[in-house]
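Residue-level listing of the chains:
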Amino acid sequence: MKITAPSAAHWSSISCGILFVIISCSARPAFAQEHGSEQVAKQSPAKASEQSANSSKESSAKNELPPLPPNKSIEQSTVLDGQTLQYEVTVGTINARDPSGKIAGKVVYTSYTIPGRDRPVTFAFNGGPGASSVFLNFGAIGPKHLDGIGNKGDSASGRIVMSDNQGTWLDFTDLVFIDPIGTGFSRSLVPEPETKKLFYSTVPDIQYLSTVVYKWLVQNGRMTSPKYIIGESYGGFRGPRLTYYLQSQLGVGINGLILVSPYLNPADERNGYIYSPIPWMITLPPIVAAHLEREGKLTPEAMQSVIAYDEGPYATALIAGNSNPALEQAMVQKVTQMTGLDPTYIKVSGGRIETGSYLREVRREQGKLGSIYDSNVTMLDPFPWSPEQRANDPILASIIAPTTEAMVNFVTNVVGWKTDAPYHTLSYQVGGDWSRDENLRSGSVAQLRQAVAADPGLKVFIGHGWNDLSCPFMGSVLSVNQMPDALRERISIREFPGGHMFYTRNNSRIAFRGAVKADLFSTE
């Protein structure tokens, strides 16, 4: 979600806030070679080459990280709806190999399993690129929940409190949380250029992560279990592509796909925002939702009225533009009334509310910033006179420390998988190194269509928070609306109170659990 200019800010919002991020959380891996250039220059080419090679080997040996521990499992329990669930938690690694078969990386996973015949298994991926799976694990569907993250008033230095998660899915599916290379404790074992080539691009990312899923199934004797994938944000971009690749290339059928606030269908950035109504149609409803929530009036019924206006009169007025002043004036008045924003601000913007400016305008008088992930979560703006936002996002600023502390403590102390390696909850380096290729810009709607068309047994659930400006729900609605009826009937979209991580709200998390269980896991 790189906000560098008004148009970039707006487009980062409608393209689902890929966390091509603002601050670096991790140091760049050291692959520098100590050549001793002056001395080499005076030697013969052969001698210089030999010394350079030896120096490279010595440097590589010095910079080599200690190996990760072997897999470790312990027994745990959680109480769900008054019933105790006994389960096994495992922290382990799976090798990622290059095309020649050489081990090029170690992918770390955390699994929660309960003995039982034919139990489903769900593989979980967060996004970024550069995010570990801790958000879905401790925030959404794992058996333990980290309290006090992602909502108003939550603190980066708050006390770590873990509780039994009443929104967990563990009673109806085993869970495997996978950290892609460069996130969590997962690591590349090859130099930086090769790391980028093997792991930090759309196609190889899908290929090696699909292979990790395949290997976990084989290693754990679960190939015939019902299989599900959940992906959040950029993980929602991965989800359809993983499903289709597993289905068509590795021969693994996926029974259900769950997309949480997905980066699904990025819009064309080639000046489309100048003449197309789509970008503004996507972002207006979550802005109105946030206003309704502040007034205590946010309901599904109220939002249906908002969506009807968005898809009808608002789109018509945007298309007409300056050619119909009366229509434009009526639209500006309506948008002012719906959003509660300053009339002059709406008039000057022509009813087209640019995301970056909105997040400052909505709390301008209080000197606060709204979060792109939920504009009702705010913090003081440390640079209120700057023409552009210079501070980190309010939610990101407060959530990285507690999630990192909780996960490191859980893995190293509770499970006993002992390592002092750094844990990358959100690697800004991975986001910065990621390839912005055409595969990235094209989204994953095509793969979603193909996967659903090829398998009449595959069902898809898409969940959004009403207030999310990073991955607005209308993006998914408009994408699914264009699909053939036979595909749309197996894709359900649900919105919940909250933002990008709506599951950090207890009621939304529990409602999310119930909806997914009923739609995808019900045997009736």
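Visitor: What am I meant to see in the overall build of the protein chain here?
Guide: The number of helices and strands found in the protein chain is 20 helices and 14 strands. A total of 524 residues make up the protein chain; the buried ones form 56% of that total. Taking the contacts inside the protein chain whose residues are at least 6 apart along the sequence as the reference set, 73% of them involve residues at least 24 apart. Of the roughly 22,000 Å² of accessible surface on the protein chain, a fraction of 52% belongs to carbon and sulfur atoms.

Visitor: What should I look at first to understand the pattern of salt bridges in this one?
Guide: It is possible for side chains of opposite charge to pair when their charged atoms get near one another. Counting across every chain of the model gives 14 salt bridges. With a closest N to O distance of 2.7 Å, Asp-171 and Arg-513 form a salt bridge. One end of the pair, Asp-171, is in the loop between strand E6 (162–164) and strand E7 (174–179); the other, Arg-513, is in helix H20 (residues 506–521), with 342 residues separating them in the sequence. The exposure class assigned to Arg-513 is buried, which follows from its relative accessible area of 10%. One salt bridge in this structure joins Asp-174 and Arg-222, with 2.9 Å as the shortest N-O distance. Highlighted residues: Asp-174 in strand E7 and Arg-222 in the loop between helix H6 (202–219) and strand E9 (227–232), separated in sequence by 48 residues. Given the relative accessible area of 1%, Asp-174 is considered buried. The exposure class assigned to Arg-222 is buried, which follows from its relative accessible area of 14%.

Visitor: Just checking my understanding: could you explain the nonpolar core for this structure?
Guide: General note: in soluble globular proteins, nonpolar side chains tend to be found buried as a group. In this structure, Ile-258, Tyr-358 and Phe-512 are the most contacted members of the largest nonpolar core, which totals 91 residues. Among all residues touching Phe-512, those that are not within four sequence positions of it are Ile-141, Trp-169, Ile-230, Ile-258, Val-260, Phe-461, Phe-496 and Phe-502. If you look at the next biggest cluster of nonpolar residues, it comprises 47 residues, including Ile-94, Phe-125, Leu-217 and Leu-448.

Visitor: Can you help me understand helix H7 (residues 234–250) in this one?
Guide: The periodicity of an α-helix, 3.6 residues per turn, causes residues three or four positions apart to be oriented the same way. Within the sequence span of H7, burial applies to Tyr-234, Gly-235, Gly-236, Phe-237, Arg-238, Gly-239, Pro-240, Arg-241, Leu-242, Thr-243 and Leu-246. Considering only its buried residues, H7 is in contact with strand E4 (121–125), H6, E9, strand E10 (256–260), helix H16 (438–441) and helix H17 (445–454). At the C-terminal side of H7, Gly-251 shows a positive phi close to 75°.

Visitor: Explain the confidence of the model for the protein chain here, please?
Guide: Within the protein chain, residue pLDDT values average 87, and 86% of them lie at 70 or more. Counted against residues more than four places away or in other chains, residues 1–15, with its pLDDT under 50, gives 55 contacts. Throughout residues 17–62 the model reports pLDDT below 50, and contacts reaching past four residues in sequence, or to other chains, amount to 68 contacts.

Visitor: Which parts of the structure should I look at to understand the packing of aromatic side chains?
Guide: Note on aromatic pairs: each is described by the distance of the centres and the angle between the planes. Tallied over the entire structure, the rule returns 24 aromatic pairs. Consider the rings of Phe-199 and Tyr-208, whose centres lie 5.0 Å apart with planes at 80°: the pair is edge-to-face. Each member of the pair, Phe-199 as well as Tyr-208, is classed as buried. Considering the side-chain rings of Trp-466 and Phe-473, the 5.2 Å spacing of their centres and the 90° angle between planes classify their relative orientation as edge-to-face. When its relative accessible area of 4% is taken as the criterion, Trp-466 is described as buried. With a relative accessible area of 0%, Phe-473 lands in the buried category. The cationic tip of Lys-334 hangs over the ring face of Tyr-309; the distance from NZ or CZ to the ring centre is 5.7 Å. For Arg-390, the ring lying beneath its charged end belongs to Phe-383, and the centroid distance is 4.1 Å.

Visitor: Help me understand the environment of Pro-69, please; the structure alone is not making it clear to me.
Guide: Take Pro-69: it is sitting in the loop between helix H3 (45–63) and strand E1 (72–80). With 23 residues separating them in the primary sequence, Pro-69 and Gly-92 have C-alpha atoms 8.1 Å apart. When residues no more than four places from it in sequence are discounted, the contact partners of Pro-69 are Trp-417, Lys-418 and Thr-419.

Visitor: So what exactly am I meant to see when it comes to unusual backbone geometry here?
Guide: With an omega dihedral of -5°, the bond running from Gly-128 to Pro-129 counts as a cis peptide bond. On the secondary structure map, Pro-129 appears in the loop between E4 and helix H4 (134–141). Non-glycine residue Asp-81 carries a positive phi angle of around 50°. Not every positive phi belongs to a glycine, and Ser-261 is a case in point at roughly 45°. As for its position among the elements, Ser-261 is in the loop between E10 and helix H8 (272–275).

Visitor: In this structure, what is going on with the pairing of E1? I would like to understand it.
Guide: Working note: regular strand, side chains alternate between the two faces of the sheet. In terms of strand pairing, E1 meets strand E2 (residues 83–97) through nine bridges, oriented antiparallel. Bridge pairing links Ile-74 to Val-89 in E2. What sits between E1 and E2 in their antiparallel hairpin is a turn of two residues, with Asp-81 showing a positive phi close to 50°.

Visitor: Please clarify how the packing of helix H5 (residues 192–199) against H6 should be interpreted in this entry.
Guide: Between two packed helices, what matters for the description is the angle formed by their axes and the separation of those axes. Contact geometry for H5 and H6: axes closest at 6 Å, N-to-C directions at 75°. Here H5 is positioned roughly perpendicular relative to H6, judged by the angle of their axes. On H6, the residues that touch Lys-197, Leu-198 and Phe-199 of H5 are Pro-204, Asp-205 and Tyr-208. A class-by-class count of the residues in the contact of H5 with H6 yields four nonpolar, no polar and two charged.

Visitor: Honestly, helix H18 (residues 473–481) in this entry has me stumped. Any pointers?
Guide: Counting buried positions along H18 yields eight of nine residues, so the element is predominantly enclosed. Turning to H18, its buried residues are Phe-473, Met-474, Gly-475, Ser-476, Val-477, Leu-478, Ser-479 and Val-480. At its buried positions, H18 is contacted by helix H9 (278–294), helix H10 (300–320), H17, strand E13 (459–465), helix H19 (485–488) and strand E14 (491–496).

Conventions used here
- Every chain is numbered independently, its residues counted from 1 as its sequence is written.
- For a predicted model such as this one, the threshold for reporting local features is a pLDDT of at least 70, and the threshold for listing and counting side-chain atom pairs is 80 or more; totals across whole chains, interfaces and linings nevertheless cover every residue.
- Side-chain measures here rest on the full set of heavy atoms in the structure, leaving out hydrogens and waters.
- We count a stretch as a helix when DSSP gives it H or I for four or more residues in a row; a strand needs E for two or more, and each element gets its number in order from the N terminus.
- Any residue under 20% of the maximum accessible area for its type is buried, any over 50% is exposed, and the rest in between are partly exposed; the area is computed with a 1.4 Å probe on protein chains only.
- Contacts are assigned to residue pairs that have any heavy atoms within 4.5 Å of one another.
- We get accessible surface area from the Shrake-Rupley algorithm with a probe of 1.4 Å; when it comes to residues, only the shown protein chains can shield them.
- The term salt bridge refers to a pairing of a side-chain nitrogen on Lys or Arg with a carboxyl oxygen on Asp or Glu at a separation within 4 Å.
- Take the buried residues of types Ala, Val, Leu, Ile, Met, Phe, Trp, Tyr and Cys, join any two whose side-chain atoms come within 4.5 Å, and each joined set is a nonpolar core.
- The predictor reports its confidence for every residue as pLDDT, a score running from 0 up to 100.
- Centre distance within 6.5 Å is the pairing criterion for rings of Phe, Tyr and Trp, where only the six-membered ring of Trp is used; planes under 30 degrees apart are then read as stacked, over 60 as edge-to-face, and the remainder as tilted.
- Look at NZ for Lys and CZ for Arg. If either is within 6 Å of the ring centre and within 35 degrees of the ring normal, a charge sits over the ring.
- In this description, strands pair whenever DSSP reports at least two bridges between them.
- Comment: axis = line fitted to C-alpha atoms, over the contacting stretch for helices; angle = value between 0 and 180 degrees taken between N-to-C directions.
- Should an angle fall under 35 degrees it is taken as roughly parallel, and over 145 as roughly antiparallel, whereas 65 to 115 is taken as roughly perpendicular and any remaining angle as oblique.
- Put simply, Ala, Val, Leu, Ile, Met, Phe, Trp, Tyr, Cys and Pro go in the nonpolar bin, Asp, Glu, Lys and Arg in the charged bin, and everything else, Gly too, in the polar bin.

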